[in-house]
Amino acid sequence: VSSYRKRQDKVSDASSFSNSDDGGIWRAGYLRDLSDQIQLYTNISQSFEAAPFSEAEDNVSPQTAQTFELGSRFQRAWASGQITGYLSKVDDEFVDVEIAPNVYATTNEDTTHKGIEALLDLDLTQAFSVATDYRLNFEQSYQLNDFAFDGGSYDGNQMPGIAKHVYAGRLRLTAPERKWNAPLSADWLPNGLVADNANTLSTDGYVSWRIAVDYKINTRLSIY
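Just so it is clear, the structure is predicted and the values come from calculations on it, not from any experiment.

A. Molecular detail of the pattern of salt bridges. One pass over the structure, following the stated rule, counts six salt bridges. The salt bridge partner of Lys114 is Asp146, with a shortest N-O separation of 3.2 Å. Placement of Lys114 in strand E7 (residues 103-123) and of Asp146 in strand E8 (residues 135-149) is noted, with a sequence separation of 32 residues between them. A relative accessible area of 15% places Asp146 in the buried class. In this structure, Glu139 and Arg170 form a salt bridge, with 3.3 Å as the shortest nitrogen-oxygen distance.

B. Local environment of the pairing of strand E4 (residues 38-49). As paired elements, strand E3 (residues 26-33) and E4 share eight bridges and run antiparallel to each other. Within E4, the position partnered with Asp33 by the bridge is Gln39. Taking the residues that link successive antiparallel strands as the turn, the E3-E4 hairpin has four residues. Pairing analysis gives 12 bridges linking E4 to strand E5 (residues 63-75), with the strands arranged antiparallel. Bridge pairing in E5 places Gln39 opposite Arg73.

C. Layout of the nonpolar core. Counting residues in each nonpolar core, the largest one holds seven residues, listed as Tyr86, Val95, Val97, Phe147, Phe149, Tyr154 and Met159. The leading source of residues in this core is strand E6 (residues 79-100), at three residues. With residues near it in sequence (within four places) discarded, Val97 still touches Val103, Tyr104, Ala105, Thr107, Tyr154 and Asn197.

D. Representation of the side chain of Gln39. When you line up the elements, Gln39 lands in strand E4. Given a relative accessible area of 17%, Gln39 falls into the buried group. In this structure the side chain of Gln39 is engaged in a polar contact, spanning 2.8 Å, whose partner is the side chain of Asp33. Among the polar contacts made by the side chain of Gln39, one reaches the side chain of Arg73 at a distance of 2.5 Å. The contacts of Gln39, once residues within four sequence positions are left out, are Leu31, Arg32, Asp33, Gly71, Ser72 and Arg73.

About the thresholds
- Residues numbered from 1 in each chain as written.
- Predicted model: local features only at pLDDT ≥ 70, side-chain atom pairs only at ≥ 80, totals over all residues.
- Heavy atoms only, no water.
- Salt bridge = Lys/Arg side-chain N within 4 Å of Asp/Glu carboxyl O.
- Helix = DSSP H or I, 4+ residues; strand = E, 2+ residues; numbered from the N terminus.
- Buried < 20%, exposed > 50% of the residue type's maximum accessible area, 1.4 Å probe, protein only.
- Pairing = 2+ DSSP bridges.
- Core = buried A, V, L, I, M, F, W, Y, C linked by side-chain atoms within 4.5 Å.
- Contact = heavy atoms within 4.5 Å.
- Polar contact = N/O pair within 3.5 Å; in protein donor to acceptor, adjacent residues only side chain to side chain.

Below, the structure written as structure tokens:
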């Protein structure tokens, strides 16, 4: 990957800059079917991202990461799901810091991202052998996001804006031929999230609820 950025300030030349960055991206994986219903997988990858144009003038280095994933997915008659564990060592992650009151700049910090992502979908109509063309599904997801600074002035602190625990549940009723569906959803952040790099500000935990209806008029048009 090769990236080149250049900006010319024709008035004062104060914000002119040019830089170039080069790096590599690769990925290797292994997939194994234990049966027709259970699958295991693992991946290891290297990523590279040059600074976005708006941050390039801050002379930040490219962001790179080495990521390892291990997981499994399954499919049963009325249940399906997936669980993945991951570990990512990020070198020179782009981080915004406040250098003066309400004045921010982008810098680089080493970070570690690790966690779990899990999905579970239960077809309750089929599970309880209800004789109907309507479907009632209970869809759930859970995320463990342990994103922390690794070294530097914020060493060990959680990264802001990313909740450590997130649970989402959705109870969805679907009409025959998917003519309409009505989900009742809940998103739960039991510990809230931190709001700054120093971890001095944080929110309380909360739950947000949502109910919706989606109606398909034809193959091209729907309303919700």
